[in-house]
Amino acid sequence: MKFALLLMLFASFSVLGQSTKTVKGTVVSAKDQLPIPSANVLIAGANDGTYTDFDGNFEITVKSTDVLVFSYVGYTSQSVPVLDNTTFNIALQEDSSLLDEVVIVGYGTQKKSHLTGAISKVTNEDLDQIAVSRVDDALVGQVSGVNIAATEGEAGSAPTIRIRGTGSVSGSSDPLVVVDGIVVDNDYLGSMNMNDVESFEVLKDAASAAIYGSRGGNGVIMITTKEGKAGKTKFTYNTLTGFKEARQSEDYYFTVAETVEAELAATGTLSDRTRYKQLIGVDNDWQNIIFDGGVITTHSFSARGGNDKTKFSTSIGYIHDEGVLLTDEVKNYSYKLRLDTKLTDKLSMGINLNPSFNDKRRFDGSTHDILRQTPWLPVYHDANTIRYVDRDNYPDVQIGDYATQRHFDNYDLYGDGSTLVDISNTSNTNPAAKVIERQRNEYKLKMRGSFYGKYDFTDNLSIKSTIGGDYQNTVRERNQGPLASRNGESAVQFDEEKINVSRLVSDNFLSYDKEFGDHDVAAILGTSSELVKGEYRAARLTGYNPDFEGTLGGTTTVGAGNEFEYKQSLFSYFLRVNYAFDDKYLASISLRRDGSSVFGEDTKYGTFPAASLGWNVSKEDFLADSEVVSNLKFRVSYGVTGNNSLRIASNSVLNDNALVNYYPSLSLISGFSYGGDSAISAINIANPDLKWERSIEINPGIDFGLFNNKITGSVDVYRRTSDQLLLSNPISNTTGFSEALVNIGKVENSGIELELRTKNVNTSNFKWTSTILASRNKNELVDFADSNGQIQNVDSKRAAEWINQVGQPISSFYGWVVDSDIPLEYISNPYHPVGGEAQDVYVKDLNGDGVIDDDDKTKLGDPYPDLVWSLTNDFQFGDVDLSFMFQGSHGAEIRNMGDQYLFNHFNSSQDFISSTPNQEFIKEKIFTDDIIQDASYIALRTVSIGYNFTGDLLDKTLFTKARVYATGQNLLYVTADDYTGFNPESVNTTSATTYGYQRAGSPIQRTISLGLNLEF
């Protein structure tokens, strides 16, 4: 104890002997005297320092003998001795050689002024304030040419991302995702913590993406995570809580009261069925029951810092999203460590680790199937509704049991036995029971990591080797209990899937960067290899053991099962050379050669070249003194990319054909049972000549800046032709198959993109900036071989049709054109069921031959938007900031099959009667444009207001930065007048040739959240 006291006393005298003191100051820009937030204030030769706050202020404890170093990206550093000074007012000068923004490109970086391709960068300045459980959801409206649609409403579900349209028929059209230089699967975006993200770079044109060769055909999304900075360790804590609700549909809101009003107005009396529905006294809005809303909560804690040699960044994150659908929720736990160190002047190393765990309960049902239930049906029986139960058929129903429509049949309405009323129109179980009595869970463990070593031979030549990989273990369980189906115990089912996928990536490349005179050369030469292994096992068990419900032991019979393993490998060579002369004349060439195990023996390798040119016109003498044009660059690019990713046919590996996606060039066999014996058969036909899908793109563009860059932007025009498409083409039945996978299709996407940014006001007390993004894309099927003109349907039971025709988009709706509705006087039971309407309609005789047949069918529309845009405004009023984004899409259409379900089109009680005139001109609505609806929308995607604590309010705390904010998402969402569903962006997963299919859709989510950012 005494020894400890002596040590403390000695330490106290040591500190006093150093004559420390606290100094304060402000760091501003010498050009406009505006404060520079987050500027570095370091003590020279020490591992200590701080950062300026939002107003450019700082405070630090120093000795009189210390030297303070002030620095910020794009400015020349200043070193100032402390001496007797207690206040420092520092004005940093812009450094033109450093001011140019650096953009991440494949296997390196490049000055933005030297870019010759179409690359958009999004910095995470406030994306982490948007209440989403996936990082890609926050990119909506942030990049022109990138369409991100909320196709599913479940918590944690992935949006559909398309960069410059859909370019494949049988293959995937998803972009490639690269995180910190390592290729990952798209599902990885669901496990990232947005607070770890530094920036997104989107490589849109083929010349930029060609460095990734066979996987760059759909564009590339590159994500850079935050790294540590030299100086005092900075701790941050970010949290938000959001309250979510689903956007409902007024068209699908049906009530008994409205039916009563309409029937009285039309007939002056009520039918027995309507009287009985009134008597039950229930008028549910099933949207309120199924769309129950929820809360999203996020927490993130990070520490970042280091010194001149070693920098670190570490964080932990937690997300709990309850979603807006009954029972759905997701929890995500993540950890991240990034460590970079310089062992010697020439050798540096680094590691990047990111484990995560995702726990998801899915909404096991479909909105259309549940919401078509009648409003007079209660969820559970109570003391009132139990009085109406048909006891002859349901003697055991009790209060608290789920109510079904059949329970209410055979009711003696007048009490004298004269009138027994049936009001049911389905034998289904209660719609809430379909969801509550099913458990559909997914547990996903991901381990991602990478290690790199870099050696600098000279100041200009270096070699870098990276080994990275990830491991994913997924367990999916689905338990359907006896109350979830009308069939009771016989429908009990338990499915379990186990999926293990591992990926190992190795990149090795030489980099050469040299500036000599007016010449600037940057080159890379390297190799890349990747190995992916997967194991799939699945089982379906049926039967019922009540003692073990919800487990494998709760079922008694193996109903189905499947298991397989696969392996894919890729080996590549790549080269890129960037050249700039006098910062005016720019050129870039690249070449990649990929070899993949996916394709045929003689076609495993593909070559993907690219070239681009640029001219910085504003650097020329004739514009050097221009007061209008501050930046002007013309550029053009040409590139070839590929696509080696086939679409998985089903999310369930109980589908035997899923294995074909991994070995499409080989003939595969599958086992089956026949007559009690085991047998095998081929499941596809071999094609040893199968090769890459290829995309060839040309992209001229302009980058500009006006009035000292107060107005900046870019315009890109592109044409991308995707050929050698992997297409299931009809073949002779003598082969034993009706179709085979071949390379014959061709699709073209062409369009224009605009990005415009303005600095409207920029003073010390008020700032206002705006961003306008707009893009237009045209999709056209150029060649479809023997499949040209093919007509397909998604659901053979309700077989609405699509046509795939050369000269039209890949997917086009097909059918008859509506002429008029059938008058109510010719419809039987027009007011039963509640909300129901006739399933038939009069159609037009387009060719005028007096007969309605297939010759009167025509294209009815397509699901691709003509224009996608966004408008963002950011304001800064002193310590208060405000921002909002409007985003819209126009021209797309949707085939909303939800109308057939929710309006009960298939209900025979509302058929037309035998005396209806002109019956030869009547067709079902699902085969017409009656359910082809305008999918256009305008949304207030985000609005955020925040307050930054400064001055005395902040000085009294331990924090160097504190901010509170409120954010709203989709607070305004306007759809077209004829759209009846919940979300025009929602599209069922089908195929590229039957795209645009919807069954009312999963709802758009409105969220209001409150957040807090702390830094210390």
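Everything numeric here is computed off the predicted structure, so don't read it as measured data.

Chemist: Honestly, the overall build of the chain in this entry has me stumped. Any pointers?
Modeler: Broken down by element type, the chain carries 11 helices and 52 strands. Taken against the 2.2 N^0.38 rule, which gives 31 Å for 1016 residues, the C-alpha radius of gyration of the chain at 32 Å falls within 12% of a compact globule. Based on the C-alpha atoms only, the size of the chain along its principal axes is roughly 105 × 70 × 65 Å. Counting over 1016 residues, the chain shows a buried share of 52%. Summarising the internal contacts of the chain: among those between residues at least 6 apart in sequence, 70% fall at separations of at least 24. Element-wise, carbon and sulfur atoms account for 53% of the exposed surface of the chain, whose accessible area totals about 44,100 Å². In the chain, 89 side chains carry a positive charge and 133 a negative one; their mean positions are 7 Å apart.

Chemist: Help me out: how do you make sense of the packing of aromatic side chains in this one?
Modeler: By convention here, two paired aromatic rings are described through the distance between centres and the angle between planes. By the definition in use, this model includes 40 aromatic pairs. Ring plane angle 20 degrees and centroid distance 5.4 Å describe the contact between W768 and F875, whose orientation is recorded as stacked. Of this pair, W768 sits in strand β37 (residues 766–783) while F875 sits in strand β44 (residues 867–877), placing them 107 residues apart in sequence. The exposure class assigned to F875 is buried, which follows from its relative accessible area of 16%. Three or more aromatic residues joined by ring pairs make a cluster, and in this case those are F766, W768, F875, F877, F884 and F886. In this arrangement the basic side chain of K464 is found over the ring face of Y452, its NZ or CZ atom lying 4.8 Å from the centre. Above the plane of the ring of W802 lies R895, whose end atom (NZ or CZ) is 5.0 Å from the centre.

Chemist: Sorry, what's going on with a negative patch on the surface here?
Modeler: Among the surface-exposed residues, D513, E515, D518 and D583 lie close enough to one another that they form a single negatively charged patch. Mapping E515 onto the fold places it in strand β26 (residues 493–516).

Chemist: For this particular structure, what's the right way to read the nonpolar core?
Modeler: In a soluble, globular protein the nonpolar side chains are often hidden away together inside. One finds Y276, I280, W376 and F408 to be the most contacted residues of the largest nonpolar core, which totals 46 residues. If you list the elements that add at least two residues to this core, you get α4 (256–267), α5 (272–280), α6 (286–290), α7 (367–371), α8 (431–436) and α10 (898–902). Dropping the residues within four chain positions of it, Y276 is found in contact with Y388, F408, Y411, L413, V421 and I423. Core analysis: the second largest hydrophobic core is formed by 25 residues, I130, V132, V177 and M194 among them.

Chemist: I would appreciate a short explanation of the sheet that holds strand β47 (residues 922–924) in the present structure.
Modeler: Whenever strands of a sheet pair, they do so through backbone hydrogen bonds, lying parallel or antiparallel. What the 3 strands build is an open sheet, ordered β41-β42-β47; its pairing is antiparallel. With partners counted over all chains shown, the strands left at the sheet margins are β41 (818–820) and β47, one partner each. Direction aside, the axes of adjacent strands within the sheet are offset by 65 degrees on average. The pairing of β41 with strand β42 (residues 840–843) spans 2 bridges and is classified as antiparallel. What sits directly across from V818, in β42, is V843.

Chemist: I keep staring at the pattern of salt bridges and nothing clicks. Help me out?
Modeler: Close approach of charged atoms allows side chains of opposite charge to pair. Within this structure, the stated rule accounts for 50 salt bridges. We note a salt bridge from R694 to D723, for which the minimum N-O separation is 2.7 Å. Of this pair, R694 sits in strand β34 (residues 693–706) while D723 sits in strand β35 (residues 711–730), placing them 29 residues apart in sequence. In this structure D723 comes out as buried when scored by relative accessible area, which is 11%. As a salt-bridge pair, R719 and E748 come within 2.6 Å of each other at their nearest N and O atoms. Of this pair, R719 sits in strand β35 while E748 sits in strand β36 (residues 739–762), placing them 29 residues apart in sequence. For R719, a relative accessible area of 42% gives the class partly exposed. What makes E748 buried here is its relative accessible area of 17%.

Chemist: Please explain the pairing of strand β8 (residues 102–105) as it appears in this structure.
Modeler: The side chains of a regular strand alternate, residue by residue, between the two faces of the sheet. By the alternation rule, side chains of β8 split into V103 and V105, which are all buried, and V102 and I104, of which none is buried. As paired elements, β8 and strand β9 (residues 108–111) share 4 bridges and run antiparallel to each other. Of the residues in β9, the one forming a bridge with V105 is G108.

Chemist: Sorry if this is basic, but what is going on with unusual backbone geometry here?
Modeler: Apart from glycine, the bulk of residues carry a negative phi angle, and the bulk of peptide bonds sit in the trans form. In this structure, D583 is a non-glycine residue whose phi angle is positive, near 60 degrees. Classification of D583 as partly exposed rests on a relative accessible area of 32%. One non-glycine residue, Q724, adopts positive backbone phi at about 55 degrees. Structurally, Q724 can be placed in strand β35.

Chemist: What am I meant to see in the sheet that holds strand β3 (residues 49–51) here?
Modeler: With respect to topology, 4 strands assemble into an open sheet ordered β3-β2-β5-β6, the strand pairing being antiparallel. Looking at strand neighbours, the two that pair on one side only are β3 and β6 (78–81), the edges of this open sheet. Pairs of neighbouring strands in the sheet enclose a mean axial angle of 20 degrees, with direction left out of account. Here strand β2 (residues 40–43) pairs with β3 via 3 bridges, running antiparallel. In the strand pairing of β3, V41 is matched with T50.

Chemist: Quick question: what am I supposed to make of α4 here?
Modeler: Residues three or four positions apart in an α-helix share a direction because the helix packs 3.6 residues into each turn. Spanning 12 residues, α4 covers 16 Å between terminal C-alpha atoms, matching the ideal 16 Å at 1.5 Å per step. Those residues of α4 that sit buried are V256, T259, V260 and E263. On an axial view of α4, the arc spanned by its buried residues comes to 100 degrees, and they lie on one face. Away from its buried face, by an angle of more than 90 degrees, α4 presents the exposed residues E261 and A265. Buried residues belonging to α4 abut α5. Positive backbone phi, at 80 degrees, marks G268, one or two positions downstream of α4.

What counts and how
- Here the residue index of a chain counts from 1 through its sequence in written order.
- Local features in this predicted model are restricted to residues of pLDDT 70 or higher, and side-chain atom pairs are both shown and tallied only at a pLDDT of 80 or more, whereas totals for entire chains, interfaces and linings draw on every residue.
- No hydrogens and no water enter the side-chain calculation; it runs on all heavy atoms of the structure.
- Strands are runs of DSSP state E lasting at least two residues, helices are runs of H or I lasting at least four, and both sets are numbered from the N terminus onward.
- Computation of the radius of gyration draws on C-alpha atoms, with the globule rule given as 2.2 Å multiplied by the number of residues to the power 0.38.
- A simple rule labels every residue: compare its accessible area, found with a 1.4 Å probe on the protein chains alone, to the largest value its type can have, and call it buried under 20%, exposed over 50%, or partly exposed in between.
- We call two residues in contact whenever any of their non-hydrogen atoms come within 4.5 Å of each other.
- Here the Shrake-Rupley method, with its probe set to 1.4 Å, supplies the accessible areas, and only the displayed protein chains count as covering residues.
- A residue counts as positive if it is Lys or Arg and as negative if it is Asp or Glu; His and the chain ends are not included.
- For the purpose of locating charges, the reference atoms are NZ of Lys, CZ of Arg, CG of Asp and CD of Glu.
- Any Phe, Tyr or Trp ring, taking Trp's six-membered ring, that has another such ring centre within 6.5 Å forms a pair; planes under 30 degrees apart are called stacked, those over 60 apart edge-to-face, and the others tilted.
- In this scheme, the term charge over a ring applies when either NZ of a lysine or CZ of an arginine sits within 6 Å of the ring centre and within 35 degrees of the ring normal.
- Here the term patch refers to residues with relative accessible area over 30% and no salt bridge, with like charges joined within 9 Å and nonpolar side chains (Val, Leu, Ile, Met, Phe, Trp, Tyr) within 5 Å.
- Here a salt bridge means any side-chain nitrogen of Lys or Arg lying within 4 Å of a carboxyl oxygen belonging to Asp or Glu.
- To qualify as a nonpolar core, a set must consist of buried Ala, Val, Leu, Ile, Met, Phe, Trp, Tyr and Cys residues joined through side-chain atoms within 4.5 Å.
- At least two bridges found by DSSP between two strands is the condition for calling them paired.
- Only C-alpha atoms enter the line fits that serve as axes; for helices the fit covers just the stretch in contact. Angles between N-to-C directions range over 0 to 180 degrees.
- Given the number of residues in a helix, its expected span is that number minus one, multiplied by 1.5 Å.
- Note: the arc covers the axis-to-C-beta directions of the helix.

In short, shape yes, function no, at least from these values alone.
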